[in-house]
Amino acid sequence: MSAFSGRPEPRDVPVGAYPRWDEALAAVNRDLAVSAPEQRPLRLIVYPETGDEYVYVALSNGEAHGSSLTEAETAAETLMAVVEAAQDTVTERLWRAWPLCTVHDLGMHPRDIDGRPSWWCAGGARKGDPAHVRATIGELDTVDRARPVTRKRPKARRLR
Ligand SMILES: [Zn+2]
């Protein structure tokens, strides 16, 4: 907490206050659990400013970056807004590309593919390795498994 900033402290969004953003963030957190399993889930926080409320997607420690969320018309637009805010916060606060395409080791971008918000990767530099859609957002676990943070020691094979 900074006593000198003069800004009100951020606080958690009350449960159920923004159900569409909660739902979208749950999808993003599913992908975070697969692609950055050491991170605790992202959360929505409110900064009260000049009588209004601004909601941000924050790391579990409350740090956020980028723009506040704005209302969107459709579920797909809502998910795009939340995932873009999440990506801003993760990339700027953790200083890393996220999420990575595990095929190309490249940071992926959220794109609306025929109305389905998806993770898009620019592909490899070689010919015949084009840009591709890795997964629908919220479904990275269908293509990647969470990698353990610490590698288990392989069991010694016992001789008979
Ligand atoms: Zn890729």
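So, here's what we can say about the structure.

Rules used throughout
Residues numbered from 1 in each chain as written. Predicted model: local features only at pLDDT ≥ 70, side-chain atom pairs only at ≥ 80, totals over all residues. Heavy atoms only, no water. Donors = N, O, S within 2.8 Å, 3.2 Å for Na, K, Ca; no water. Tetrahedral: all angles 85-135°; square planar, octahedral: opposite > 155°, others 65-115°. Core = buried A, V, L, I, M, F, W, Y, C linked by side-chain atoms within 4.5 Å. Buried < 20%, exposed > 50% of the residue type's maximum accessible area, 1.4 Å probe, protein only. Helix = DSSP H or I, 4+ residues; strand = E, 2+ residues; numbered from the N terminus. Contact = heavy atoms within 4.5 Å. Expected span 1.5 Å × (residues − 1). Salt bridge = Lys/Arg side-chain N within 4 Å of Asp/Glu carboxyl O. Pairing = 2+ DSSP bridges. Axes fitted to C-alpha atoms, helices over the stretch in contact; angles between N-to-C directions. Phe/Tyr/Trp six-rings, centres within 6.5 Å; stacked < 30°, edge-to-face > 60°. Lys NZ or Arg CZ within 6 Å of the ring centre and 35° of its normal.

Protein ligation of the zinc ion involves C101 (SG), H104 (ND1), C121 (SG) and H132 (NE2), the donor distances falling in the range 2.1 to 2.3 Å. Coordination at the zinc ion is tetrahedral, judged from the 4 donor atoms that bind it and the angles of 103 to 115° they form at the metal. Spacing between the donor residues of the zinc ion along their common chain follows C-x2-H-x16-C-x10-H.

In globular proteins that are soluble, nonpolar side chains generally tend to be buried together. In terms of nonpolar packing, the biggest core is built from 30 residues, with V28, L42 and V57 touching the most fellow members. Those elements that place two or more of their residues in this core are α1 (19-35), β2 (43-49), β3 (52-58), α2 (75-94) and β7 (116-121). In this view, V28 contacts L42, L79, V82, V83, A86 and W98; residues no more than four positions away in its chain are not counted. In this structure, I45, Y47, A58 and A64 belong to the second largest nonpolar core, which totals 5 residues.

It is worth spelling out α2 at this point. Helix length check: α2, at 20 residues, gives a terminal C-alpha distance of 28 Å against a target of 28 Å (1.5 Å per residue), a fit within 8%. A76, T78, L79, M80, V82, V83, A85, A86, Q87, T89, V90 and T91 are the residues of α2 that are buried. The secondary structure elements touched by the buried residues of α2 are α1, β3, β6 (109-113) and β7. Within two residues after α2, W95 carries a phi angle of roughly 55°, on the positive side.

Within this structure, the stated rule accounts for 5 salt bridges. Of the charged contacts in the structure, one is a salt bridge between D12 and R43, with a shortest N-O distance of 2.9 Å. In this pair, D12 sits in strand β1 (residues 11-12) while R43 sits in strand β2, placing the two residues 31 residues apart along the sequence. Here E38 and R96 are joined by a salt bridge, their closest N and O atoms 2.6 Å apart. Pair noted here: E38 is in the loop between α1 and β2 and R96 is in the loop between α2 and β4 (100-101), with a separation of 58 residues, a long-range link.

Now for the sheet that holds strand β8 (residues 132-136). What the 3 strands build is an open sheet, ordered β6-β7-β8; its pairing is antiparallel. If you trace the sheet from one side to the other, it starts and ends with β6 and β8, each paired once. Across the sheet, the axes of successive neighbouring strands diverge by a mean angle of 45°, strand direction being ignored. As judged from the 4 bridges shared by β7 and β8, these two strands associate in the antiparallel manner. Of the residues in β8, the one forming a bridge with C121 is H132. Together, β6 and β7 form the strand contacts of α2, whose direction differs from that of β6 by roughly 170°.

Scanning the model with the defined rule gives 3 aromatic pairs in all. Seen from their ring centres, Y18 and W21 are 4.8 Å apart, and the 25° between their planes marks the pair as stacked. Pairing Y47 with Y56 gives two aromatic rings, centres 5.3 Å apart and planes at 90°, and the pair type is edge-to-face. For the cation-ring pair, R111 lies above W120, with the distance from its terminal atom to the ring centre recorded as 3.8 Å.

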